[in-house]
Amino acid sequence: MIKPDILAVAKLHPLYQEALQKVFTVHERTHETDPAVFAKLAPRIVGVAASGESVVSGALLAQLPNAKVVSVFGVGYDGVDVQAANACRIAVTHTPDVLTDDVADLAMGLVLSIGRRIPQADRFVRAGEWLNGPIALAQKVSGARLGIVGLGRIGQAIARRASGFGMSIAYTARSSKPESGYTFYPTAQALAAQVDYLVVITPGGAGTRHLINAEVLSALGPKSYLINVARGSVVDEEALIRALEAGTIAGAALDVFANEPRVPEALRKLPNVVLTPHMASATLQTRQAMADLAFANMQAGTAGLPLHSPVPECTVGA
């Protein structure tokens, strides 16, 4: 039996790749590697497989007259031109919810890591420095003030975990959510001025680019910390480095960066940061759940069946 053709626009997670290959013929980045072959292939493409960091432009979608779905392995889809997809009658899906707990877990792990200086303490012991005396005092987490930039599914999950530490919780978002019971601030700068730990979990894209800028970092102040588990683009990385070097803020814990996987040497050398390799959802259980959902969306979309998790802006089939 001839398998339908789909285009992978990025290196896919092996679990997603394996599932797709059982049902589809997967063409890996042919649009980039062999434009002549792609020109002949394009009319046969019925679906596009992408990662959360993929760019799926309107120009690419316009070359795929029979494509029915873009299935993103990830919750973020800021690189997909959803407006163009709607115009081309191509559905766009992603994998929300299944990674909420893991991202929230890591966010709290980073709060604890930077506040209590856990990685620094590990290095302190390994280097034999304990023999010379005790490590410098850290900052308390329980009872501290937590600010959340973006109170969506993951932001609310972070808040629930922080409540277990007795933290007071405030947030900023596009609109107030009185039902949450948390204190709302209209801007990130206003929120930063009132918290000890500022956790960023807002979507990426042009609308939030450099939302966390020099002014926000100045408002956060020399005794407070920035934690980013959103997108690298949300934080002005150069302004952050300057703030860390100057002591404008106490420290930062970062899971995402502006130019992944390239992390600036200045960040890597700073002692008051904790760095992780975009691993917030990287557990075996969640990666499998993401692969299952992305694959189910691809199958449903190419077969004209109801989608499992379309992105909010998707109008195809609505």
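Now for a look at the structure at hand.

Rules and cut-offs
- Residues numbered from 1 in each chain as written.
- Predicted model: local features only at pLDDT ≥ 70, side-chain atom pairs only at ≥ 80, totals over all residues.
- Heavy atoms only, no water.
- Helix = DSSP H or I, 4+ residues; strand = E, 2+ residues; numbered from the N terminus.
- Rg over C-alpha atoms; globule rule 2.2 N^0.38 Å.
- Contact = heavy atoms within 4.5 Å.
- Areas by Shrake-Rupley, 256 points an atom, 1.4 Å probe, with all protein chains shown as cover.
- Lys, Arg positive; Asp, Glu negative; His and termini not counted.
- Charge placed at Lys NZ, Arg CZ, Asp CG, Glu CD.
- Salt bridge = Lys/Arg side-chain N within 4 Å of Asp/Glu carboxyl O.
- Buried < 20%, exposed > 50% of the residue type's maximum accessible area, 1.4 Å probe, protein only.
- 1 Å grid on protein atoms, 1.4 Å probe; cavity = no way out; pocket = protein on both sides within 12 Å on 5 of 7 lines; lining within 4 Å.
- Points joined across faces, edges and corners; volume = space filled by probe spheres on them.
- Nonpolar A, V, L, I, M, F, W, Y, C, P; charged D, E, K, R; others polar.
- Core = buried A, V, L, I, M, F, W, Y, C linked by side-chain atoms within 4.5 Å.
- Pairing = 2+ DSSP bridges.
- Axes fitted to C-alpha atoms, helices over the stretch in contact; angles between N-to-C directions.

## Some words on the overall build of the protein
Right, on to step 1. The helix and strand tally for the protein stands at 13 helices and 12 strands.
Right, on to step 2. In terms of C-alpha radius of gyration, the protein reaches 22 Å, essentially the compact-globule figure of 20 Å for 318 residues.
Right, on to step 3. Along the first, second and third principal axes, the C-alpha atoms of the protein reach 70 × 45 × 30 Å.
Right, on to step 4. Pairs at least 24 residues apart make up 59% of the contacts formed inside the protein by residues separated by at least 6 positions.
Right, on to step 5. Roughly 15,300 Å² of accessible area belongs to the protein as shown, and the carbon and sulfur atoms make up 54% of that amount.
Right, on to step 6. Taking the average place of the 27 positive charges on the side chains of the protein and the average place of its 26 negative ones, the gap between the two points comes to 2 Å.

## With respect to the pattern of salt bridges
Side chains that carry opposite charge are capable of pairing whenever their charged atoms lie near each other.
Right, on to step 1. Within this structure, the stated rule accounts for 9 salt bridges.
Right, on to step 2. When the shortest N-O distance is used, the salt bridge between Arg 231 and Glu 53 registers 3.2 Å. Taken together, the residues Arg 231 in the loop between β10 (225-228) and α11 (237-246) and Glu 53 in the loop between β3 (45-51) and α4 (58-62) connect sequence positions 178 residues apart.
Right, on to step 3. By relative accessible area, which is 13% here, Arg 231 ends up buried.
Right, on to step 4. The salt bridge partner of Glu 265 is Lys 269, with a shortest N-O separation of 2.9 Å. Placement of the pair is Glu 265 and Lys 269 together in helix α12 (residues 265-269), with a separation of 4 residues, close to one helical turn.
Right, on to step 5. On the basis of relative accessibility, which here comes to 44%, the residue Glu 265 falls in the partly exposed class.
Right, on to step 6. The exposed category is assigned to Lys 269, whose relative accessible area is 61%.
Right, on to step 7. What emerges from the salt-bridge pattern is a single network uniting Glu 53, Asp 78 and Arg 231.

## Regarding empty space enclosed by the protein
Right, on to step 1. Per the stated rule, a full pass over the model turns up 1 cavity of 30 Å³ or more.
Right, on to step 2. Roughly 40 Å³ of internal volume is contained in the largest cavity.
Right, on to step 3. Forming the walls of the largest cavity are Asn 228, Gly 232, Val 235, Glu 237, Leu 240, Leu 254, Val 256, Phe 257 and Ala 258.
Right, on to step 4. Of the residues assigned to the lining of the largest cavity, the class counts are 6 nonpolar, 2 polar and 1 charged.

## Details of the nonpolar core
Right, on to step 1. Counting residues in each nonpolar core, the largest one holds 73 residues, and the members touching the most others are Tyr 16, Leu 20, Leu 146, Ile 148, Ile 158, Tyr 197 and Ile 227.
Right, on to step 2. Tallying contributions element by element places helix α6 (residues 100-115) first for this core, with 8 residues.
Right, on to step 3. Judged by nonpolar contacts, the second largest core, of 28 residues, contains Val 149, Leu 244, Ala 252 and Val 273.

## Observations concerning the side chain of Thr 93
Right, on to step 1. Inspection of the secondary structure puts Thr 93 in strand β5 (residues 91-93).
Right, on to step 2. Owing to a relative accessible area of 0%, Thr 93 belongs among the buried residues under this scheme.
Right, on to step 3. Those residues in contact with Thr 93, other than ones at most four positions away along the chain, are Val 69, Val 70, Ser 71, Val 72, Asn 297, Leu 307, Ser 309, Pro 310 and Val 311.

## Looking at the side chain of Thr 30
Right, on to step 1. In this fold, Thr 30 is placed in helix α2 (residues 30-33).
Right, on to step 2. Judged by its relative accessible area of 9%, Thr 30 falls in the buried class.

## Regarding helix α8 (residues 153-163)
Right, on to step 1. Where α8 is concerned, the buried positions are Ile 154, Gly 155, Ala 157, Ile 158, Ala 159 and Ala 162.
Right, on to step 2. Residues of α8 that are buried make contact with α6, β6 (145-149), β7 (168-172) and β9 (197-200).

## Comments concerning the sheet that holds β7
In any sheet, the strands associate via hydrogen bonds between backbone groups, in a parallel or an antiparallel arrangement.
Right, on to step 1. Taken together, 7 strands build an open sheet; the order of strands is β8-β7-β6-β9-β10-β11-β12 and the sheet is parallel. Two strands bound the open sheet, and with one partner strand each, they are β8 (183-184) and β12 (273-275).
Right, on to step 2. Alignment of β7 against β8, held across 2 bridges, turns out to be parallel. When the sheet's bridge partners are listed, Tyr 171 is paired in β8 with Phe 184.

## Focus on the sheet that holds strand β4 (residues 69-73)
Right, on to step 1. Read from one edge of the open sheet, 5 strands run β2-β1-β3-β4-β5, paired in parallel fashion. The two strands at the open ends of the sheet, each matched to only one other strand, are β2 (25-28) and β5. Taken pair by pair, the neighbouring strands of this sheet meet at an average axis angle of 20°, ignoring direction.
Right, on to step 2. Pairing between strand β1 (residues 5-8) and β3: 4 bridges, direction parallel. When the sheet's bridge partners are listed, Leu 7 is paired in β3 with Val 48.
Right, on to step 3. Sitting on the sheet, helix α1 (residues 14-23) touches β1, β2, β3 and β4, and the angle it makes with β2 is about 130°.

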